[in-house]
Amino acid sequence: MTHRGRGKKKNPSMRLLFFCRCPHVMSGRIRHICMKKKQHRGRTMIHHTPKIILIFRIHITSMDIDGAPSPLGSVYSSSDGLSQDDDHSLDFQVHEEPILLKAKQPGLEIAAPVAENKQIMDSMIIHSREYQLEMLEESLKRNIIVTMETGTGKTQIAVLRIQAELERSTSEKIIWFLAPTVALGEQQARVLRSQIPAVQIKFLSGADGVDTWSDTRTWNDYLRNVRVVVSTYQVLLDAVGHAFVRIDRLSLLVVDEAHNCRGKHAGSKIMTRYHENKAAGLPVPSILGLTASPIIRSKTDSLEEIERTLDAVCKTPTLHRDQLVSTVKRPKMYRVFYSRPDYIPPTSNMNSLSSAYYNLNIYEDPTIIRLQREDSERSRVALHKALQSRDTYVLNQLQTLWRKSTAIQRELGSWAADYFISVTVAQFVKSVKDNDSWLQGWDMKEKQYLAAALETVKISAPPSFEEGAASGGISDKVTVLTQQLSQSADGTIGIIFVREVATVAILSHILSIHPSTKNRFRIGMMIGASNYSGKKRDIGTLKRANGYQDLEDFRAGKLDILIATSVLEEGIDVPACNMVICFDSPHNLKAFIQRRGRARMRESKLILLMDNPTYQVDEWMAYEEEMKKRYEDDMRKVQELVELEDLEQPEVEPFLVPGTGAQLDFDHAKSHLEHFCRSLSIQQYADSSPYYIFKRMQPSAKQFPMIAATVVLPMSLPPELRRVESSGYWLSEKNASKDAAFQAYIAIYKAGFLNDNLLPLADEIIRDTETRPGVTEVHGQWNPWIRIAHTWGHQTKLYRRRLRLRDQHGDTMCEFDASLPVYFPKLPDINIFWDRLRSWTIETSETKMISAGDLQADQSLALIDLANRHRNLKLRDSARVILHLRSPTQDIPYQQLVAQKCIDEASLDDTILIRNGEGYPCFFKAWLPSGDQAQLGTDTQHDDLREVPCLMLERWSRRRDFLHRIPEEISSLASDKPSKQKQTIWPAHLCRMDGIHISAAYFGTLIPSITHVVEVYLVATELCKTILKDVKFSDITLVATAISAPVAREATDYQRIEFLGDSILKTFTTASVSANCPNFPEGYLDAIKTNIVSNSRLCRAAVEAGIDRFILVETFTGAKWRPTYVEDLLKAKTDIGKKRMMSTKTLADVVEALIGAAYLDGGTDETLSMDKALACIRVFLPDVQWHSLESACSALFGQTTMSTALPDPLAPLEELIGYRFRNKNLLIEASTHSSFGHVNSMGSCMERLEFLGDSILDSVVVSALWKYERDMSQGEMHLLRTASVNADLLGFLALEWAVPQEVTEISKDKTAIEKQTKIPFWKFMRHASLDMGTAQRAAEERHALERDIILEAIHHGTEYPWAQLAHLNVPKFFSDFFESVLGAVWVDSGSMDVCAQIVERAGVLPYLRRLLAEDVDVLHPKNHLGQLAGKSLKTVEYKTEVREVDGSRELFCKIKVAGEVLVEVGGGVNGDEIMTKAAYLAHKKLLEITKHGNDDMVARLNEL
């Protein structure tokens, strides 16, 4: 909301006014704004996020930049069924997290915060209109002069035409853009640089000293690597005239304000050279003229003259004339009369100025003195002339001052003239005394001479403005002007055109102090001024600034009224106004049209101030009637079209799909086509709506013209579907467009983009995406022992492995042979955790085949008895244990060795197991002779032990699970107890010794753990032999890891390799889907990929494949363990019917883990690894047509048309990335945004390659993480991957990564100065979106301000710069471009190594290595805060809101911990960024608070 005057206008609600051509688009845009769109890498997720309620309205005005259509697309035309005068507004509430719109779009007045920057920008994308594209196509066919009114977008046509010319011209050719003024040229150069950043664009004017460039070498040096030059007409004329620039070097000449090219104008003279070249058969450039009026005066032959001069025809949109007519809003013209006195006597100041002029002694004039001193023939002639006519520079300046004061008196009044003289004299005298730079072009003696003359002027200070006005010192013309301004409606934005430069400054001053305007309007001024520092400045130039700042403020809405000379008539970018006042009447027809074009808001006024109703008024009235008649004719034509549409009732049979009965109706084809096109792309700034091109055929002069239509579809579709013609000719555009849409929709269906219900395939894919519950019922775990039980006794050969138990020093404690009647899988070393201090290892030997007859008696029960006699474990000595165990060196009889011997003091050591009086096994610690009182502790089993020898014993471990470490908290508690509490004292005569080495008991205790590990590997082996047999695993350990859920707490679980498998699966899926669907757009591909790799799909795949029976989810504890007997298993039923509940995510994770395991099983052979991974993928997802990466790459390469030619602007990009493409079309495609389809509708856009490159980048980074020297957890790798591939970092690197290019500047001494400039990576992306150019420029400006902080964090910081990168707010298309180029490199090279080199050059991998090497904290601030608060069970609450701060809106975030406000920060650019910054500060503050202890934490929070 723009506030007028000094007070703030309160408005309880603000309006959001949409102009859309399609009701479907309208509802879509509203729904779009009411939703929060989260941009994720590779996809867009939309979800409702209610936060706070904002009630707001937004005023959408018309365009304010030549070439920038209104942000929401076309306004309604009458053919849309809505009158231009209707107020189509929507008031609604947004339940949404607010966001500030940082950069206002031209013509868009934001009255309140809006919901989310990216989503709003998506709905306000400025796209080329259909009539602009019509003009582009015409300009590609022949030379034309685009004739459209001011504000209808001529510059946008020029941008599109230049982009098209860059596509087809060579690097030696130059495109030259001619502008009539320096100001307009500078503006157009800015627009071109914004829209076409990849090429060098230079602006040339007289200020560059081009008149001193006197040789071709200088020009060639300056133009080296330059593709587009913007200049004034005279600059090019001089360059062509001196043969510094040859006409045949130009490929395109854009002539802005082309109506000037007549007579002796510089533009006309340039075209003379053009015609000479053409007549001689030499190459000439294409011509594109731009004008609001091709004629300057009301002469019928002017049009033909302009066309002959420019060798072009004037063209205005005809096929889309209705859209142009509805866009143009002509103001209503008013003639307001004022009185002008016949004579106004000069004021005293004017008389004194006149006296000073006539009293000057001309012989003291520096010019006269110089001529006298030279005393040459030439100087004497000049001296005579100067004396005779009083013609010197100083005298002329005094005359100019007198003339300007006279004009100001006539136009503004005597008070104004006196004010002008007093200010001018004071300013000049002060400048001379201060010797400042204001008069730097003047000769010092001239300045002093004139200053002395001015000091003789007797200045009478003018009275106050009120007194001057009361005494008639203000002209009636000014009075009428102020009346018009004071009577204007609220919200008036206007321009006042005046003729004289001096009048601008004085009138501005008057309005700023006039009682009726000073508090209502904020007033600025704009005059044409050369920035050539060598030019002398006139004495009457009051304002030291050139007015450009006021113009910027007017554009930004900080000023309401701009007073300007004719400089604003031609082309300068000015916001749309609702009032234009011609303080001085336009001097010709061209000026009238251009001034009128500035008033293009709805219900605007054009006010002409006139002193009497002369013939000129009649002429203007006649012209107005002519314009009105022409306008009514235009509207009548539109109405005739509407009537024709009503009369013409097409009878077209619907298109029918036999299988389903679905049919396409002729009248609804356009809406269906609109919906389909919107489903194609989710890219930001991508205009996916179709547009129509019409072609007319006139059967005869008496018949209505017949119309055919061509519908142009988005660049996301294959070239053969992008242009579809109607089947015939029609009387109306409406039916012709329906026919084209009907034919297009049928073609789209036949091409496979629609299902048999005639709906977009993407909708079906998304709809068919499976959902999954949290847990599901699956098969019980497969029991390998049942099969083994049935095999015992039926095999002639057995499998044996020796198990060797080693202590922490590596010494062998014991060995036992384990035998099975089935293949005995190789076991990894089994880690045994006996207690918190002792960790042992069980090693397994290679498999040995033995004859069943050689199998000796099983010692399993004897070993179990040794370890568990004290537990009263009931053993069946007649039964057979499932795992056969036997010592290779000694016999261990069952139940004969426990407590076999009496205590023998000489035999006591740590190799003997002691049984105390209760039969509990103990370790021997010490022998206590009788009477040794000092050694007796309190834990004794008898009262009187003083007379008998005793044993100090330590109890045998009570643990059953030796596969897991003792938890830290239990271990720490145990370590706090005195060791004596674990010891007991028993009389020696009550104790017994086992008759075997203690290691046998150790091994017997470990049998449950050993049996469990053997079972795990039997399960893994069975999985490999059955379901995964085609993968041919060689390392069973990888499979055992992959099927072990974290909850099972096995030695290894699947988390790490699941992370790897996830990346591999997505890479194969992306490549295969892209190869299988060569015509599908990115939106379809992403939906298909998401469907394949979703957890729900993988969960189903796991169950269908049957691996649910092999997944380990139960934790081994050893509790209630009993030996497994063969006889029991023979009696038991199979486990096929058993069921269990399992997490669906676990099922999906195991699939990905097995894919990762298959890859790792290939070892160092990358090809073998990928082949194994693909074989595993095919097991689980057999319904997908999978490709190897080589096959997919080859298919994708073959699907792209081969080309070895690269457009010149893209050549440095190959140098930057360090890769030369075999097929240049791949790089062209990767660099082309879908908006570029307006320029080149036959190429392909970047979206498919970006889809591919996303997974390639992920694969490169995951590979680097996996190959790092230390193993990392899944969580750590996930954080590092996110830190390396997030869009914010990639966007920043795209701004940093640059290629050097030589730029030549010409110094004052005409020597060429060669400099190195850098073209950053992002500038090579080709687009035709004005909004995207604005977003790029804004990102570049933010980058320049914030890059040093981010680079410091990247190179030296200990924390990842999450907040800083988020605040940079780089649009996502920066990272999309990087990913698309990476995808193109992979398709062209077929090598992940080459892609890794690109990622290395871009800076991603170097930063990743630093993150790893220096252990940089990469945890996001929000996670840091959540974890810290969670330790104390405190909740964290984020609340964002927009507040008014110093007249502007600012985004704030407040964080509450435990219900109390911890931090509050402002200055956010979007919701994510401000929450990240707030979380960072909150974490630091909470960390400081927790140092004071948890008890007073809440109290300290309350203090905050």
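Since the model is a prediction, treat every value here as computed from it, not as a measurement.

**Remarks on the overall build of the chain**
Part 1: The secondary structure content of the chain amounts to 50 helices and 43 strands.
Part 2: Relative to its full complement of 1504 residues, the chain shows a buried share of 56%.
Part 3: Restricting to contacts in the chain with at least 6 residues of sequence separation, those with at least 24 account for 75%.
Part 4: When the accessible surface of the chain is summed, it comes to about 63,800 Å², and 50% of that surface belongs to carbon and sulfur atoms.

**Considering the packing of helix α41 (residues 1274-1285) against helix α47 (residues 1404-1413)**
Part 1: Closest axis-to-axis distance for the α41/α47 pair is 10 Å, and the angle between their directions is 145°. As α41 packs across α47, the resulting crossing turns out to be right-handed. Where α41 abuts α47, its residues L1280, A1283 and S1284 lie against V1404, L1408, L1411 and L1412.

**So, the packing of aromatic side chains**
Part 1: For the structure shown, the criterion picks out 35 aromatic pairs.
Part 2: With centroids separated by 5.8 Å and ring planes inclined at 55°, the aromatic side chains of F666 and F742 adopt a geometry described as tilted. With F666 in the loop between β21 (663-664) and α23 (669-678) and F742 in helix α24 (residues 733-750), this pair connects stretches of sequence that are 76 residues apart.
Part 3: What makes F666 buried here is its relative accessible area of 4%.
Part 4: Given the relative accessible area of 5%, F742 is considered buried.
Part 5: Taken together, the ring pairs in this structure connect W834, W840, F923, W956, F962 and Y1002 into an aromatic cluster.
Part 6: Of note, R390 hangs over the ring of Y357, and the distance from its end group to the ring centre comes to 5.1 Å.
Part 7: Across from the ring centre of W1266, 4.3 Å away, lies the NZ or CZ of R1056, which sits over that ring.

**A look at the pairing of strand β28 (residues 830-833)**
Part 1: Two elements, β28 and strand β29 (residues 839-844), share 4 bridges in a ladder whose sense is antiparallel. Looking at β29, one finds that I830 is bridged to I842.
Part 2: Between the end of β28 and the start of β29, which pair antiparallel, lie 5 residues.

**Some remarks on the state of the cysteines**
Part 1: All chains considered together, the criterion is met by 0 disulfides.
Part 2: No disulfide involves C1176; its sulfur sits 9.5 Å from the nearest other cysteine sulfur, which is in C1024.

**Looking at the nonpolar core**
Where a protein is soluble and globular, its nonpolar side chains tend to be buried together.
Part 1: One finds L673, F676, L1154 and W1386 to be the most contacted residues of the largest nonpolar core, which totals 257 residues.
Part 2: Take this core: its biggest share by element is 17 residues, from helix α29 (residues 998-1025).
Part 3: Ranked by size, the runner-up nonpolar core spans 63 residues in total, among them A417, I421, V478 and M579.

**Overview of the sheet that holds strand β18 (residues 579-582)**
Part 1: Strands sit in the order β14-β19-β18-β15-β17-β16 across an open sheet of 6 strands; the sheet is parallel. Strands with a single pairing partner mark the edges of an open sheet, and in this sheet they are β14 (332-337) and β16 (523-526). Each adjacent strand pair in this sheet contributes to an overall mean axis angle of 20°, direction not counted.
Part 2: Here β16 pairs with strand β17 (residues 561-564) via 4 bridges, running parallel. Bridged to I523 within β17 is I561.
Part 3: In this fold helix α19 (residues 501-513) packs onto β15 (494-497), β16 and β17, with an angle of close to 175° to the strand it touches most, β16.

**Details of the side chain of E1214**
Part 1: Of note, E1214 is situated in helix α38 (residues 1211-1217).
Part 2: When its relative accessible area of 4% is taken as the criterion, E1214 is described as buried.
Part 3: Sequence-distant contacts of E1214, that is, excluding residues within four places in its chain, are made with L1206, Y1219, R1220, F1221, K1224 and L1227.

**Here we look at the sheet that holds strand β41 (residues 1436-1445)**
Part 1: Taken together, the 3 strands give an open sheet; going across it, the order is β41-β42-β43, and neighbouring strands pair in antiparallel fashion. Among the strands making up the open sheet, the edge pair consists of β41 and β43 (1460-1468). Going from strand to strand, the sheet's axes swing by 25° on average, the running direction of each strand aside.
Part 2: Summarising the sheet, strand β42 (residues 1448-1457) and β43 pair through 6 bridges and their orientation is antiparallel. Residue pairing for β43: I1455 is matched across the bridge by V1463.
Part 3: The strands touched by helix α49 (residues 1471-1490) are β41, β42 and β43; relative to β43, the strand with the most contacts, the crossing angle is about 140°.

**Digging into helix α37 (residues 1189-1198)**
In an α-helix, one full turn covers 3.6 residues, which means residues spaced three or four apart are oriented alike.
Part 1: Of the positions making up α37, those classed as buried are L1189, A1192, C1193, L1196 and F1197. Across the axial projection of α37, the buried residues extend over an arc of 135°, all falling on one side.
Part 2: Contacts from the buried residues of α37 go to α31 (1055-1076), α36 (1166-1180), α39 (1224-1230), α40 (1247-1266), α45 (1372-1389) and α46 (1392-1402).

**Observations concerning the environment of Q1364**
Part 1: Tracing the sequence through the fold places Q1364 in helix α44 (residues 1362-1368).
Part 2: Sequence-wise, Q1364 and E1346 are 18 residues apart; in three dimensions their C-alpha atoms are separated by 8.0 Å.
Part 3: Not counting chain neighbours up to four residues away, the residues in contact with Q1364 comprise E1346, I1349 and I1350.

**With respect to α46**
Part 1: Among the residues of α46, those classed as buried are V1394, C1395, I1398, V1399 and A1402. With its buried residues spanning 145° around the axis, α46 presents them on a single face.
Part 2: Looking at the packing, one finds that the buried side of α46 touches α38, α40, α42 (1287-1296), α45 and α47.
Part 3: You can read the cap of α46 off the contacts: a side-chain oxygen lies 3.1 Å from the backbone nitrogen of D1393, and it is on S1391.
Part 4: G1403, located one to two residues past α46, shows a positive phi value of around 105°.

**Some words on the pattern of salt bridges**
Part 1: With the rule as written, the count across this model stands at 58 salt bridges.
Part 2: Here K826 ties to E846 by a salt bridge, and the two come within 3.8 Å at their closest N and O atoms. With K826 in the loop between β27 (812-820) and β28 and E846 in the loop between β29 and β30 (848-851), the pair connects residues that are 20 residues apart, well separated along the chain.
Part 3: Using a relative accessible area of 58% as the deciding quantity, one classes E846 as exposed.
Part 4: Close ionic contact of R886 with D891 constitutes a salt bridge, the shortest N to O distance being 3.7 Å.
Part 5: Take D891: its relative accessible area is 53%, and that puts it in the exposed class.

**Quick notes on a negative patch on the surface**
Part 1: Residues D1165, E1166, D1171, E1190 and D1393 make up a contiguous surface patch of negative charge.
Part 2: Examined against the element boundaries, E1166 turns out to sit in helix α36.

**Examining the pairing of strand β38 (residues 1139-1143)**
Part 1: Going residue by residue along β38, you find R1140 and M1142 tucked away on one face and K1139, M1141 and S1143 left uncovered on the opposite face.
Part 2: Two strands pair when backbone bridges link them, and strand β25 (residues 775-779) and β38 are joined in this way by 5 bridges, in the antiparallel orientation. Bridge pairing in β38 links V778 to R1140.

**Quick look at unusual backbone geometry**
Part 1: Even without glycine at this site, K1120 takes up a positive phi of about 60°.
Part 2: Here K1120 shows up in the loop between α33 (1095-1105) and α34 (1126-1131).
Part 3: The exposure class assigned to K1120 is exposed, which follows from its relative accessible area of 75%.
Part 4: Phi angles above zero are rare outside glycine, and N1369 is one such case at about 55°.

**Here we look at the packing of α33 against helix α35 (residues 1144-1161)**
Part 1: Where α33 contacts α35, the two axes come as close as 8 Å, and the packing angle between them is 80°. Taken together, the axes of α33 and α35 are roughly perpendicular relative to one another. From α33, N1095, L1098, C1099, A1102 and V1103 reach across to α35, where they touch T1144, K1145, L1147, A1148, V1151 and E1152.
Part 2: A breakdown of the residues in the contact of α33 with α35 according to their chemical character gives 7 nonpolar, 2 polar and 2 charged.

**Quick look at the environment of K269**
Part 1: With respect to the secondary-structure elements, K269 resides in helix α8 (residues 266-279).
Part 2: Given the relative accessible area of 40%, K269 is considered partly exposed.
Part 3: When neighbours within four sequence positions are excluded, K269 is seen to be in contact with L237 and K264.

**Overview of the confidence of the model for the chain**
For residues with low pLDDT, the predicted coordinates do not support detailed interpretation.
Part 1: Per-residue confidence for the chain averages 82 on the pLDDT scale, and 82% of its residues sit at or above 70.
Part 2: Counted against residues more than four places away or in other chains, residues 529-534, with its pLDDT under 50, gives 10 contacts.
Part 3: Here residues 972-980 is a poorly scored stretch, pLDDT under 50, and it has 2 contacts once near neighbours within four places are set aside; other chains count.

Definitions and limits used
- Residues numbered from 1 in each chain as written.
- Predicted model: local features only at pLDDT ≥ 70, side-chain atom pairs only at ≥ 80, totals over all residues.
- Heavy atoms only, no water.
- Helix = DSSP H or I, 4+ residues; strand = E, 2+ residues; numbered from the N terminus.
- Buried < 20%, exposed > 50% of the residue type's maximum accessible area, 1.4 Å probe, protein only.
- Contact = heavy atoms within 4.5 Å.
- Areas by Shrake-Rupley, 256 points an atom, 1.4 Å probe, with all protein chains shown as cover.
- Axes fitted to C-alpha atoms, helices over the stretch in contact; angles between N-to-C directions.
- Left-handed = near helix turned anticlockwise from the far one by under 90°.
- Phe/Tyr/Trp six-rings, centres within 6.5 Å; stacked < 30°, edge-to-face > 60°.
- Lys NZ or Arg CZ within 6 Å of the ring centre and 35° of its normal.
- Pairing = 2+ DSSP bridges.
- Disulfide = S-S within 2.5 Å.
- Core = buried A, V, L, I, M, F, W, Y, C linked by side-chain atoms within 4.5 Å.
- Arc of directions from axis to C-beta.
- Polar contact = N/O pair within 3.5 Å; in protein donor to acceptor, adjacent residues only side chain to side chain.
- Salt bridge = Lys/Arg side-chain N within 4 Å of Asp/Glu carboxyl O.
- Patch = residues over 30% accessible without salt bridge, like charges linked within 9 Å, V, L, I, M, F, W, Y side chains within 5 Å.
- Lys, Arg positive; Asp, Glu negative; His and termini not counted.
- Charge placed at Lys NZ, Arg CZ, Asp CG, Glu CD.
- Parallel < 35°, antiparallel > 145°, perpendicular 65-115°, else oblique.
- Nonpolar A, V, L, I, M, F, W, Y, C, P; charged D, E, K, R; others polar.
- pLDDT = per-residue confidence, 0-100.

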